[in-house]
Amino acid sequence: MNENIVDVSQFSYSYGDLRAVRDISFQVKKGEIFSFLGPNGAGKSTVINSLITLLPLQKGTVTIAGHDLGSEQAKVRQSIGIVFQQITLDKDMTVRETLEFHGSIYQMPGAEKKKRITELLNLVELSEKTNSLVSTLSGGMKRRLEIARGLMTRPKVLFLDEPTIGLDPQTRRKTWEYLRRVNEEGTTIFLTTHYMDEADHLSDRIALIDQGRIVILGTPAQLKQSLGNDIIYLETSENARTTGILMNLAGIKKITGYEGRLLITSEHDGTRLLPEIIREVNGQGIDVCAVNLKKPSMDDVFLHYTGTEMRD
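J.: Can you walk me through the packing of aromatic side chains in this structure?
T.: Given two aromatic rings, their pairing is described by the distance between the two centres and the angle made by the two planes. Scanning the model with the defined rule gives eight aromatic pairs in all. On the basis of an interplanar angle of 50° and a centroid distance of 5.9 Å, the ring pair of Phe 26 and Phe 190 is categorised as tilted. Highlighted residues: Phe 26 in strand β2 (residues 18-29) and Phe 190 in strand β8 (residues 188-193), separated in sequence by 164 residues. When sorted by exposure, Phe 26 lands in the same class as Phe 190, which is buried. By way of ring pairs, the aromatic residues Phe 26, Phe 34, Phe 36, Phe 159 and Phe 190 are connected into one cluster. Just above the ring of Tyr 195 sits the side chain of Arg 172; from NZ or CZ to the centre is 3.9 Å.

Right under this line is the structure:
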C-alpha cells in the first residue's frame, strides 16, 4: 500500500518565457506536516496553486489521494481543503454562517454539517464567536476560521499557502498549535512558508525551494545535520585569501562567502577546529576581525545551500 498521499514527478511550470518551477519531484506521506520553505518568488505558490487545481498542470505527473491531477481534477478537489494566503471570508457573514455556507456548497447533510461545525469551532476555539460577524474578528481568529472552513469536508490533505503571513509572533505560534491539533486528527498538512522558525518547529519534513528548484529535502534535524557538527562565521581582513588557505584544512566541509563573512561548515567539533583556523589565518599575516561559533539553524541551512539569506 502506497503511504504517499501526494506524489509529484518532474513538475515544471512557466509563465510565458519565465520558467517558475523546474522539474521538481517529491512525495508527501500520509499523516505528516510537509513544508515548502523558500523566499517569495521561489515557486512555492505556483506549485501549491497547481496542486489545488487553480493553475493547469503544464508538465509532469501528480497524484493526490490516489487521483490523477491531470485527468481527475474534480476528485482531487473533493479530497482536499484549502487555506489561501489572503483572507477570503465574507465579512458580513457570522462565523456559523461561514461554515454552514461552505458545507452547503459541498452538499453536506444537515445533521452532519451541524455536528461538524460544532466539532471545528471547538477545535479552533471559536465556539464563543459562533454568532459574531467575521468583520469583528481579529486577524488570528479569521485565520482559524479559514482553517475550520478548510476542514469542513474532512479533507485528506489540507493545503495552506503562507498560513501565518501578516500575523504577530504570538498569534503565529497559536496558529501552529491549531495546525498540530488538525494533524493529530489525521489530516495531512501541506504548507508553504518563508518563515524559518515555522518550518523548523511545525514540519515533519521540509523541501527547501529556491529559484524554482528543490535544493534539499528532509526532516528539520536532517537538514541541520547535513551542515555538520558546528557552524563558524568568520570575518577577516582578506576573506578571499582566507578561503584559499582554509579550503584544504582537515575538518572543513565547505566555505561560503556572504556580505563580508565566511560561513564555514565543519565535520568535527568546532571548538577544536576554531583555534586551528585562527592559527592558519594569522600565520599568513591575515587579521581575524570577528568570529562566531554556533550549532546549525535553518537560517544557516538556507544560506549554506543557496548562498543567500532568506529574502522577503
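J.: I'm lost on the sheet that holds strand β12 (residues 252-258) in this one. Help?
T.: Strand pairing in a sheet relies on backbone hydrogen bonds. The paired strands run either parallel or antiparallel. If you walk across this open sheet you meet the four strands as β12-β13-β11-β14, and the pairing is antiparallel. The strands lining the two open edges of the sheet, one partner per strand, are β12 and β14 (288-294). Each strand of the sheet is rotated relative to its neighbour by a mean of 20°, with strand direction disregarded. Bridge count between strand β11 (residues 230-236) and strand β13 (residues 261-266): five bridges; the pairing is antiparallel. Within the sheet, the bridge partner assigned to Asp 230 lies in β13 and is Ser 266. The strands touched by helix α10 (residues 270-283) within the sheet are β11, β12, β13 and β14, with β11 carrying the most contacts at an inclination of about 20°.

So, how was this worked out
Residues numbered from 1 in each chain as written. Predicted model: local features only at pLDDT ≥ 70, side-chain atom pairs only at ≥ 80, totals over all residues. Heavy atoms only, no water. Phe/Tyr/Trp six-rings, centres within 6.5 Å; stacked < 30°, edge-to-face > 60°. Helix = DSSP H or I, 4+ residues; strand = E, 2+ residues; numbered from the N terminus. Buried < 20%, exposed > 50% of the residue type's maximum accessible area, 1.4 Å probe, protein only. Lys NZ or Arg CZ within 6 Å of the ring centre and 35° of its normal. Pairing = 2+ DSSP bridges. Axes fitted to C-alpha atoms, helices over the stretch in contact; angles between N-to-C directions. Contact = heavy atoms within 4.5 Å.

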